[in-house]
Amino acid sequence: MYTKALVTDLYQLTMMQGLFFEGKHEQRCVFDRFYRKNPFQNGYTVIAGLNHVIDYVKRLRFGADDLQYLRHTGFFKEEFLRYLQGFSFTGDIYAMPEGTVAFPQEVLLRVHAKKSEAILLETCLSMILNHESLIATKARRIRTVAGNDTLMEFGLRRAQGKSAGVHGARAAMIGGFNGTSNVLAGAMFHMPVLGTMAHSWIMSFASELEAFRAYVRQYPNNLILLVDTYNTLKQGVPNAIKIFTELRQKNCLPAVYGIRLDSGDLAYLSKEARKQLQAAGFSDAIIAASNDLDENLIAELKAQGSEINSWGVGTHLITAKDSPSLGGVFKLVGQYEDGQFVPKIKMSDNVEKISNPGIKNVLRIYDKETGKMKADVITLAGEEIDSTKDYELTSDKAPWRFRLLKGGTYHVKSLLQPIFKEGRAVYTTPPLQDIISYAEEQIQSLWPEYRRLVNPEEMWVQRSKKLSALREELLEKESMKFF
Ligand SMILES: Nc1ncnc2c1ncn2[C@@H]1O[C@H](COP(=O)(O)OP(=O)(O)OP(=O)(O)O)[C@@H](O)[C@H]1O
Ligand SMILES: O=P(O)(O)OC[C@H]1O[C@H](OP(=O)(O)OP(=O)(O)O)[C@H](O)[C@@H]1O
Ligand SMILES: O=C(O)c1cccnc1
């Protein structure tokens, strides 16, 4: 059995070995995780996946089979393999909790560790956080258009593998979905599992009506009947109404009941179905729909006056179809040399790609009166903003833009929390329901201009003066080397 220690790229292990034989593997360093662009041209990213990362880091050990395989590759020497045998993570990690709304360039997670430990974490940690934050963000976009309608995650069959399906389902909940059809995700994360029926159920009986009756016999309280197998308006909906009428006559109509549409013109069919249901006195029936839905189609169906109030979303959500990866990166921002911390900068001709050096934090400024986010400030760790005093917001990108926050009108929250200390997990992941509530609060603290799906406003994110000064100093020092 291989362990997750092998969920990495070969170069992490060859670099580790190289550093080991160069005597540099224990050099302490700091790595930051951040991303440069929101996915889906969204105005923010919803952070998810930390729980999964904690589990990965806690268990990170090389087993006998892992070592045997590495030996077999021919890249690794016995002395290094012996080192791997005793390997575990002994560093510190700080991170934004799941459900936090984040913006480009912000430190999402910071690792303080020996070089070899930090290097080994990069691939798996990035894979987990990039994936789950991507799906949570997609889910939140869908929630943004769905309002208070029910959102059901139906993606497992279309997911790129079990892990993407299961962890994607959890991320969808953080993004605002109500439940999932994914049984393993439900079991693992205590999430509501829900579902209706497939066309094969309907086709397994002599008639649609018989199929509905059989379903009611088995599941009298789970009554969303799939009505589009043969003819939605001429047969499916009338048959469903027949069933609901029989149940009402017996006083057995459950509180939650309705129909599901899975093909055809969903706006038209839902409106016509609603008319039929209302005429029969079933005005509170749910009309669920599925079929390649995403936030744009749901918004379009709503604009067409559809009567759908429950949405099953699979493919587009679980594969993040229109923006299939989040480009979060993991970069060295400093290391200890002769006991002194030396900040490091990554140069680039592209200004956006020049990194922020040093050990940093993110402070979020909220307006006291409205509770809405005003700006984020990337600071050097330990820097504080005294909210009783005036604070200047100045943009590096557009220095002529300037805002003054009056002391006493805002409050400040530090976003990075300690997750590991000297290799020990010091953070307990809150129950999923609490993460969901926190994520909702975060979204509500954004003005709608930042939440809109198309051309959203860009959140004000700036470097503190101290961080800007450090960055400029290092930029100058590095560029002087080429004169
Ligand atoms: N009123 C509408 N406006 C815009 N798009 C719609 C509307 N109704 C349905 N759609 C979408 O159009 C696409 C095609 O629908 P259609 O029912 O033709 O799909 P299909 O998958 O070919 O059907 P089937 O499941 O029977 O094979 C789907 O993504 C569906 O969600
Ligand atoms: O369209 P998605 O957003 O990916 O949602 C999942 C789809 O999976 C099911 O279809 P499928 O044809 O696989 O099975 P069925 O026989 O139950 O319709 C379901 O009816 C949805 O249409
Ligand atoms: O329960 C359902 O209706 C369902 C589940 C998975 C995929 N499509 C539909």
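Before reading on, note that the structure itself is shown above.
Keep in mind that this is a model prediction, so the values were computed, not measured. (Residues numbered from 1 in each chain as written. Chains lettered and ligands numbered in written order. Predicted model: local features only at pLDDT ≥ 70, side-chain atom pairs only at ≥ 80, totals over all residues. Heavy atoms only, no water.)

Axis separation between helix α3 (residues 64–73) and helix α4 (residues 78–85) bottoms out at 11 Å; the angle between their running directions is 160 degrees. On the basis of their axis angle, the class for α3 and α4 is roughly antiparallel. Crossing angle aside, the handedness with which α3 passes α4 is right-handed. In contact with Leu67, Leu70 and Arg71 of α3, α4 contributes Glu78, Leu81, Leu84 and Gln85. Taken together, the residues of the contact of α3 with α4 sort by class into 4 nonpolar, 1 polar and 2 charged. (Axes fitted to C-alpha atoms, helices over the stretch in contact; angles between N-to-C directions. Helix = DSSP H or I, 4+ residues; strand = E, 2+ residues; numbered from the N terminus. Parallel < 35°, antiparallel > 145°, perpendicular 65-115°, else oblique. Left-handed = near helix turned anticlockwise from the far one by under 90°. Contact = heavy atoms within 4.5 Å. Nonpolar A, V, L, I, M, F, W, Y, C, P; charged D, E, K, R; others polar.)

Right, let's talk about the site of ligand 2 for a bit. Near ligand 2, the surroundings consist of 14 residues, among which Arg158, Asp262, Asp292, Gly314 and Thr315 are the closest. Within the contact set of ligand 2, an oxygen atom lies 2.7 Å away from a backbone nitrogen or oxygen of aspartate 292. Side-chain polar atom of threonine 315 to an oxygen atom of ligand 2: 2.4 Å apart, as the coordinates give it. Summarising the interface, the protein chains cover 80% of the accessible area of ligand 2, which totals 480 Å² for the free molecule. Grouping the amino acids of the shell around ligand 2 by side-chain chemistry returns 4 nonpolar, 5 polar and 5 charged. (Near = heavy atom within 4 Å. Polar contact = N/O pair within 3.5 Å; in protein donor to acceptor, adjacent residues only side chain to side chain. Areas by Shrake-Rupley, 256 points an atom, 1.4 Å probe, with all protein chains shown as cover.)

Inspection of the region around ligand 3 gives Phe154, Arg157, Ser181, Gly195, Thr196 and Arg260 as its neighbouring residues. At 2.4 Å, a side-chain N or O of threonine 196 approaches an oxygen atom of ligand 3. The side chain of arginine 260 places a nitrogen or oxygen atom 3.4 Å from an oxygen atom of ligand 3. Protein coverage of the free-state accessible area of ligand 3, which is 260 Å², stands at 81%. Among the residues forming the shell around ligand 3, the class breakdown is 1 nonpolar, 3 polar and 2 charged.

This paragraph deals with the pattern of salt bridges. Taken as a whole, this structure holds 21 salt bridges when the rule is applied. Here arginine 59 makes a salt bridge to aspartate 55, at a shortest N to O gap of 2.9 Å. Remark: aspartate 55 and arginine 59 occur in helix α2 (residues 50–59); sequence separation between them is 4 residues, near one turn of the helix. A salt bridge links lysine 275 to glutamate 272, with the nearest nitrogen and oxygen atoms 2.9 Å apart. Residue lysine 275 and its partner glutamate 272 are located together in helix α11 (residues 266–279), separated by 3 residues, close to a single helical turn. In this structure, a network of salt bridges that share partners links the residues Lys138, Arg141, Glu295 and Asp322. (Salt bridge = Lys/Arg side-chain N within 4 Å of Asp/Glu carboxyl O.)

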